[in-house]
Every structure is written in C-alpha cells, then in structure tokens.
Amino acid sequence: MRLQNKINLYTTVLFVILLIMMNLFVYFVSSYMIIDSEMQRIRAETEKMVESMNESLNIIPTEELLRAYVPVDGMVRVVTQDKKALSPVTSSTEKELSKLKKTFYLGEKSEKITFHNKTYAFISIPIIWTDEHVVNLQVVRSIQPSIAILHVLRMVLIIITIIAMVPVILSSRFLSRFITRPVTSMIETMTEIRKSGQFKRIQVNHKSKDELVEMGDTFNHMIDLLEANFVKQEQFVSNASHELNTPLTIIESYASLLKRRGQVEPDIFRESVEAIHSEAVQMKELIEQLLLLAKHNEKWNIKKSEVNVAELVQHSVQSFKKAYHREIQVIQEGEYLIHTDEQKLRQLLFIILDNARKYSDQMIKVYIGSKQQKCVIQISDQGVGISKEDLTKVFDRFYRVDKARTRSQGGTGLGLSIAKEIANVLGATLDLESEEKKGTTVTIALPMN
Ligand code: ADP
C-alpha cells in the first residue's frame, strides 16, 4: 500500500474510532443521568403518596384511595405477601399493566423495567396495611418520553458522526498528500538523477520551517556534497592522468632518441638514461602518493605509542640536514610525550620540511613548544612565500603555485593534501601562514593526552 493511502487510512480510522467513542460516552452518560433523575423523581412522588395514603387509609375505601393516586401514564397497586394484588388501578392508556407479574419485596425496590416493548419506572415500598400486615405499594410509571428524548439524542449523535466523517476523511487526505508530496518529489528527483546521471535538487518551500523542509534541504545538501565530491574525483583522475602523462611523454621521447642515436652517441645515451631514470623515480613517487591519498581513514593503519616529540623532531632535522646540507635551527621549549603514530608524524614533518627546503634558500627554523593544551611544532622558512589567493588552494590535490618551477624541483602538488590527511588521522591541526617573498610558517598542533 502506498504511504499516502496508509496515512489516509490510519488517520481516518483513528479519527472515526475516537469520534464514535466520544459520542458513545456522551450517549451513555446522558442516558444514565436522564433515567436516573426520572427514577428519583418518581420515587420521591411515590414516597409522598405513601405519606398521604397513611393518613387516609382507614377513612377512605382502598380502591377509591388508589384511584385517587393513580398516575396518568401508569399503575398503582398493593401486593400482599402471598403475591395477590389488591385492586390494581391503571390509567386509561396503560390498561395492559394490570397483567404485570406480581412480586412481593421485603425492602424498597426501584428499577427500570420493560413491559410490552415499553419502558417503565417500577417503585415498590413496603407499608403497614389496614389489616396490620406488611404489603407492597407498587407504582409503575411510563418513562417513554425520556426514552424518546434518548432516541432523538442517539439519532443526532449518529448523524453528527456521519457528518463529521466528511471533514475527517478530507483532512486526512489533505494531510497525507501534504506529507507525501516532498517524498514523492524526492523520489521523482532521485529517479531523474538515476536516469540522466545528472545531479538535481528538489524544490523546497522555505516559507514553512517544518521537518519536511528540513528533509528537502538535507537531500539538496547531500546532492551538493555528492556533486562536489564527484567533480573533485573527476578532477583528481584527470589531474592524475595528466601528471602521469608528462613523465611518460618524456620517457617515450628519450627512449626513441636512444633507439635512433643512443648506440652511436655516448653523450646522448648518458643524458637519455639519466632523464629516463629521474622521470621514473618521480613517477614512482607520484604513484606512491596517489596510493596514499586513495586510502580511507581506517586503512591508514595507525599504530600509536608514547612519542617524545622533541626527540623525533631533532632526529628528522638531523637526517634532513645530512641529506640536503641545509641550515636548520631548532628551538625547543620543553619535552612532550604524546600518544601518537611516530611513523605518520615523521612523514608529516618530512613533507613540511621538504616544502620549506624546496621553496626557500635561507635558514629554516623549527620551534617546539606548547599552546592551549597542545604540543606545537612550527616550521618557518624565509622563501618565496604564497600569495593570499593561493593560500586557500595549496591543500587541494595537484595544486601548485608555479607549475613549471615546482615540477623541476620534484613537486607533485600532492604533498600538502597528504599532510592534511595525516594530520586528520592523528587528530592534529595544520595551519599555514605565509607572505609572498617573505616566507612561510606551518604550524602542526598535536593534542596532548
Ligand atoms: P608540491 O609537491 O608541489 O610541493 P604541495 O602540496 O606540498 O605540493 O604544495 C603545494 C604548493 O604550495 C606548492 O606547489 C608550492 O607552490 C606551495 N608551497 C608549499 N609549501 C610552500 C612553502 N613553504 N613556501 C612557498 N610555497 C609553498
């Protein structure tokens, strides 16, 4: 069953049940109150009758006395202990009542009875009769007018229930349509996306601020993210193939040069082999970086241990100094033991130090200290710096400020993207401050345990 029909059916059934229950309650309470007040009234009248009869019992003959008290719509009779009725007197309209079964009661009795399809109030009060015996003075009175009122009430309530069902059905239809419209539109949009392969958004009416609008917004937001990711992935693939294409073209051209003249010209042979080797090394590095970026967080295989950060930085700086013969000054403000992945942190440091080396010629400064409960490693250079405009883009994959220059320096444009990912898996933050032609400072902030 469709969601719309389900909502429609459930709300209608629920409302109808509620309506019927409410009307039944109204009917039974009214019926109880009307009948009860009628019974009380007749009972009070009978008690009064007993009082005045007692006064004139020995003066007026019984039959005349009873005739004087007979109600207009009922019967009055005296029932003795041996269930004989002394002279039952009925009103002219209720003659049939004289056939009512005689029963003697020891105590007082008042009840509603049905006789020949009519409803009566039956009151029986024990009194001392003229012969000093206990008899029952029984009064039976029709309560048919009250029953008629209840009948009308029942009809009115039934009609009200039927009439009220119309707006209930209409409103539940409206409600189900109102709720399912955004869902239907979402399904339509999803089907369109599936068929066309294009990213589409659903129309959201922002006038109301309900959950359905929120759902529509969330859906659109999700599509935005999917589209952005899709575009990024596409860009990544095209950039990666472009990046791989350059060294392959160089290798190919040197290989053909080797084929043609390599055997006869030793200089060309040496130059070509050198170039092919260098391009192959760069390509290997690029592929390694691409593989690293393709990993998901859980595949990073983090192995945490207690790491002495200052020691790690000092070691990395020493090996860097040896490898590149660069001047690096380390300022250390304390010892920091941090629970982190040593290998990944070393990799992160290496990327930042390597950038500082590539894009500056002067001394590189490294500072180890703490700030706001975090262990901070700052790497500053006095090199070319990055313009404000480029600063926001350098973390993008394959982004390089000066493409020709960075490539000749062995840059792939992936270093900072990898650094950002490593920082993320370590729970660290990476900040970059830079001024063109003045230098760059990269701050790594590691959470202290
Ligand atoms: P690459 O492998 O090209 O260095 P990165 O992702 O590490 O790639 O850096 C992206 C770009 O940011 C670099 O091409 C470079 O132009 C710029 N950059 C990064 N670090 C520095 C720095 N310390 N000084 C100046 N420019 C930098």
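Residues numbered from 1 in each chain as written. Predicted model: local features only at pLDDT ≥ 70, side-chain atom pairs only at ≥ 80, totals over all residues. Heavy atoms only, no water.

The name recorded for the protein chain in an unreviewed UniProt entry is histidine kinase, from Heyndrickxia oleronia. Looking at the Subcellular location (unreviewed entry) heading of the UniProt record, one finds this comment for the protein chain: "Cell membrane". (UniProt positions renumbered as here; feature names shortened; annotations may be inferred.)

## Digging into the overall build of the protein chain
Each helix and strand in the protein chain was counted, giving 10 helices and 12 strands. Its C-alpha atoms put the protein chain at 160 × 55 × 35 Å along the principal axes. Across the 449 residues in the protein chain, those meeting the buried criterion constitute 38%. Across the protein chain, every contact between residues at least 6 apart in sequence was considered, and the portion connecting residues at least 24 apart equals 62%. Accessible surface computed for the protein chain: about 27700 Å², of which carbon and sulfur atoms make up 58%. The average position of the 57 basic charges and that of the 54 acidic charges among the side chains of the protein chain differ by 5 Å. (Helix = DSSP H or I, 4+ residues; strand = E, 2+ residues; numbered from the N terminus. Buried < 20%, exposed > 50% of the residue type's maximum accessible area, 1.4 Å probe, protein only. Contact = heavy atoms within 4.5 Å. Areas by Shrake-Rupley, 256 points an atom, 1.4 Å probe, with all protein chains shown as cover. Lys, Arg positive; Asp, Glu negative; His and termini not counted. Charge placed at Lys NZ, Arg CZ, Asp CG, Glu CD.)

## Some words on the domain arrangement of the protein chain
Split into domains, the protein chain comes out as domain 1 (3–151), domain 2 (211–294) and domain 3 (303–447). Spacing between the C-alpha centres of domain 2 and domain 3 amounts to 24 Å. On the side of domain 3, 12 residues touch domain 2, which itself brings 14 residues to the contact. Carbon and sulfur atoms make up 59% of the surface buried where domain 2 meets domain 3, a total of about 1200 Å² over both sides. Inspection of the region where domain 2 meets domain 3 yields zero salt bridges. On the surface where domain 2 and domain 3 come into contact, there are one residue pair in polar contact (both at pLDDT 80 or more). Of all elements in the fold, only helix H4 (211–262) and helix H5 (266–294) reach the threshold of two or more residues within the side of domain 2 that touches domain 3. (Domains from an automatic or database assignment. Buried area = accessible area lost by both parts, 1.4 Å probe. Salt bridge = Lys/Arg side-chain N within 4 Å of Asp/Glu carboxyl O. Polar contact = N/O pair within 3.5 Å; in protein donor to acceptor, adjacent residues only side chain to side chain.)

## Things to note about the site of the ligand
Close contacts around the ligand come from 19 residues, with Asn 355, Tyr 359, Asp 381, Thr 412 and Leu 416 the closest. With respect to the ligand, the side chain of Asp 381 contributes an N or O atom lying 3.0 Å from a nitrogen atom. In this structure, an oxygen atom belonging to the ligand sits 2.8 Å away from a main-chain N or O atom of Leu 416. Of all elements in the fold, only helix H7 (342–358) and helix H10 (415–426) reach the threshold of two or more residues within the shell around the ligand. For the shell around the ligand, the residue count by class is eight nonpolar, eight polar and three charged. (Near = heavy atom within 4 Å. Nonpolar A, V, L, I, M, F, W, Y, C, P; charged D, E, K, R; others polar.)

## Some thoughts on the UniProt feature "transmembrane region" (unreviewed entry) in the protein chain
In this structure's numbering, the residues bearing the UniProt feature "transmembrane region" (unreviewed entry) are residues 12–35 and 147–170. Taken end to end, residues 147–170 has its terminal C-alpha atoms 35 Å apart, with 100% of it in helix and 0% in strand.

## Digging into the pattern of salt bridges
Under the defined criterion, the tally for this structure stands at 20 salt bridges. Within the structure, one salt-bridge network assembled from shared partners comprises Glu 38, Arg 41, Glu 45, Asp 73 and Arg 141.

## Details of the sheet that holds strand E9 (residues 364–371)
Strand order in the open sheet formed by five strands is E7-E9-E10-E12-E11, with mixed pairing between adjacent strands. Two strands lie at the open edges of the sheet, namely strand E7 (328–332) and strand E11 (429–435), each paired on one side alone. Between one strand axis and the next, the sheet turns by 15° as a mean value, whatever way the strands run. Where strand E10 (residues 374–381) meets strand E12 (residues 439–447), eight bridges bridge the pair, whose relative direction is antiparallel. Residue Ile 379 lies in a different strand from E12, and its bridge partner there is Val 442. Along the sheet face, helix H6 (residues 309–324) touches E7, E9, E10 and E12 and points at about 170° away from the line of E7. Packing against the sheet, H7 makes contact with E9, E10, E11 and E12, and its axis sits at approximately 25° to E10. (Pairing = 2+ DSSP bridges. Axes fitted to C-alpha atoms, helices over the stretch in contact; angles between N-to-C directions.)

## Focus: unusual backbone geometry
Backbone geometry places Asn 117, a non-glycine residue, at a positive phi of 65°. With a phi angle near 60°, Gln 373 is a residue other than glycine that sits in the positive phi range. Along the chain, the position of Gln 373 falls in the loop between E9 and E10.

## Points about the UniProt feature "domain: HAMP" (unreviewed entry) in the protein chain
Under the feature "domain: HAMP" (unreviewed entry), the UniProt entry names residues 177–231. Along residues 177–231, the helical share is 75% and the strand share 0%, with 36 Å between the first and last C-alpha atoms.

## Details of the packing of aromatic side chains
Applying the stated rule across the entire model yields six aromatic pairs. Residues Phe 174 and Phe 178 carry aromatic rings whose centres are separated by 6.1 Å and whose planes lie at 20° to one another, so their mutual orientation is stacked. Within this pair, Phe 174 and its partner Phe 178 are both found in helix H3 (residues 144–196), separated by four residues, close to a single helical turn. The interplanar angle of 45° and the centroid separation of 4.9 Å between the aromatic rings of Phe 320 and Tyr 324 together place this pair among those described as tilted. Of the two residues, Phe 320 and Tyr 324 both sit in helix H6, four residues apart, roughly one turn of that helix. Chaining the aromatic ring pairs together yields one cluster made of Phe 320, Tyr 324 and Phe 350. Positioned above the aromatic ring of Tyr 324 is the side chain of Arg 357, whose terminal nitrogen or guanidinium carbon lies 4.0 Å from the ring centre. Note that Lys 420 overlies the ring of Phe 395, its terminal NZ or CZ placed 4.7 Å from the centroid. (Phe/Tyr/Trp six-rings, centres within 6.5 Å; stacked < 30°, edge-to-face > 60°. Lys NZ or Arg CZ within 6 Å of the ring centre and 35° of its normal.)

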